[in-house]
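Analysis of the macromolecular model
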Amino acid sequence: MKEYSVISLGEALVDFVPVDGTLPGRFNALPGGAPTNVACGLGRLGLSVALIARVGSDPLGRCLLQTLEQYAVDDAYVQIDPQRFTTVTIVMPKSEDMLRYAIYRSGSADGALSFQEIPAELFSHARVLHYGSLCMASESSRQTTLLAIQAAKDHGMMTSVDVNLRPNSWKSGAQMAQEARHLVELSDIVKLTLDEARLLALDMTALTKAGKIVIVTDGANGASIHADGVSVSRPAMDVDVLDVTGGGDAFMSAFLYYYTTHCGAMPLRELLGEALSFCVASSSVAIQRYGGISSLPTLEEIHELEAKNTQ
């Protein structure tokens, strides 16, 4: 079995994005889903990465598999469901982040992700298991996620969560917050926006004292990382913003790349500071381009923007 730096687990879907930013209107169909975006970002950066997801045996599912191949993501663990359709999302124009996506997930393949179809030995061949909070919104994918996290911990893997709060996908806001907090408790690396941290009423000091690395992004106000008594922050870069869709996932993939390739090579404060600068540059490249996956940067593009920003 191959060795992976990161295994990403969760939704693989197709985003329908209004071409002119209005509804009704014409749409572009773009492959996406936060864990899929992060996997593609890692593959684009040259890291060995696999995706655990479930798609329908339909044209959208095949589109997603082709995209994974294009971005050097191992799709051997993507489950093909012959009875359910691939999840789709309508990106709502001019909406705040948490309400920006109308996700049509009920009865779809994504929500039926099966732990039994994941090879048990996979968890002994990777360093980090990454996932998002949306997978907790349906019972099958919730159980699969929790079992995968336990298997990862049993095999000494680090666990990483990107908290993406999408109220439209949950029965209630209380349930969404409860499940998100549960994933935060289980994870070694926690990434979320400042708004999400406030909504979940998280105690950053308590999280870092529990040994977690906590990453907080705040859009145009920059980002910060907190771990083991160390806190570092970086302002946002001054760039021409075209589309923020891929910014958060470009940031997350950049952090997982930098951390897995540099951990142990430098003191913690230096590591977190360099990682954060790298993440901000990655996100800044992405938001100057259109789309989620299509906007993900290469290693050379990130380093080029970093160098330009320090001149």
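Going by the structure above, here's the rest.
Here the structure is a predicted model, which means the values were calculated and not measured.

We now examine the overall build of the chain. Each helix and strand counted, the chain has nine helices and 13 strands in total. For 311 residues, the compact-globule estimate of 2.2 N^0.38 gives 19 Å, and the C-alpha radius of gyration of the chain, at 18 Å, lies within 12% of that figure. Its C-alpha atoms put the chain at 50 × 45 × 40 Å along the principal axes. Expressed as a percentage of its 311 residues, the buried residues of the chain come to 57%. Sequence-distant contacts, at least 24 apart, represent 71% of the contacts inside the chain between residues at least 6 apart. Of the roughly 13300 Å² of accessible surface on the chain, 50% is carried by carbon and sulfur atoms. Averaged over its 23 positive side-chain charges, the chain has a centre that lies 3 Å from the centre of its 35 negative ones.

Attention shifts here to the nonpolar core. The biggest cluster of nonpolar side chains holds 53 residues, and the ones touching the most others in it are Leu42, Leu51, Val73, Ile213, Ile225, Phe255 and Leu256. No other element matches helix α8 (residues 268–286), which puts 10 residues into this core. Leu42 has contacts with Val6, Leu47, Val49, Ser253, Leu256 and Tyr257, leaving out every residue within four places of it along the chain. Counting 38 residues, the second largest nonpolar core, distinct from the first, contains Ile118, Leu146, Ala151 and Leu165.

Attention shifts here to the sheet that holds strand β8 (residues 126–132). With mixed pairing, nine strands are arranged side by side in an open sheet as β5-β4-β1-β8-β9-β10-β11-β12-β13. Among the strands making up the open sheet, the edge pair consists of β5 (78–81) and β13 (230–234). The mean angle between the axes of side-by-side strands here comes to 15 degrees, regardless of whether they run parallel or antiparallel. Relative to β5, strand β4 (residues 49–56) runs parallel, the two being bridged by four bridges. When the sheet's bridge partners are listed, Ala53 is paired in β5 with Val78. Here helix α2 (residues 59–70) sits on the sheet and contacts β4 and β5; the angle it forms with β4, its principal contact strand, is near 170 degrees.

What follows is about the pattern of salt bridges. Counted by the stated rule, this structure contains eight salt bridges. Note that Glu117 and Arg54 form a salt bridge whose closest N and O atoms lie 3.1 Å from each other. Here the residue Glu117 occupies a position in the loop between β7 (101–104) and β8, and Arg54 occupies one in strand β4, the gap between them amounting to 63 residues. Overall, the relative accessible area of 44% leaves Glu117 in the partly exposed class. Overall, Arg54 belongs to the buried group, its relative accessible area being 9%. Between Arg289 and Glu301 there is a salt bridge, and its shortest N-O distance comes to 3.0 Å. Placement of the pair is Arg289 in the loop between α8 and α9 (299–309) and Glu301 in helix α9, with a sequence separation of 12 residues. On the basis of relative accessibility, which here comes to 24%, the residue Arg289 falls in the partly exposed class. Where salt bridges share partners, they join Arg54, Asp81, Arg84 and Glu117 into one cluster.

Relative to β13, strand β12 (residues 223–227) runs antiparallel, the two sharing five bridges. Following the sheet pairing, His226 is matched in β13 by Ser231. Linkage of β12 to β13, two consecutive antiparallel strands, is achieved through a turn of two residues, within which Asp228 is found at a positive phi near 50 degrees.

The rules behind each value
Residues numbered from 1 in each chain as written. Predicted model: local features only at pLDDT ≥ 70, side-chain atom pairs only at ≥ 80, totals over all residues. Heavy atoms only, no water. Helix = DSSP H or I, 4+ residues; strand = E, 2+ residues; numbered from the N terminus. Rg over C-alpha atoms; globule rule 2.2 N^0.38 Å. Buried < 20%, exposed > 50% of the residue type's maximum accessible area, 1.4 Å probe, protein only. Contact = heavy atoms within 4.5 Å. Areas by Shrake-Rupley, 256 points an atom, 1.4 Å probe, with all protein chains shown as cover. Lys, Arg positive; Asp, Glu negative; His and termini not counted. Charge placed at Lys NZ, Arg CZ, Asp CG, Glu CD. Core = buried A, V, L, I, M, F, W, Y, C linked by side-chain atoms within 4.5 Å. Pairing = 2+ DSSP bridges. Axes fitted to C-alpha atoms, helices over the stretch in contact; angles between N-to-C directions. Salt bridge = Lys/Arg side-chain N within 4 Å of Asp/Glu carboxyl O.

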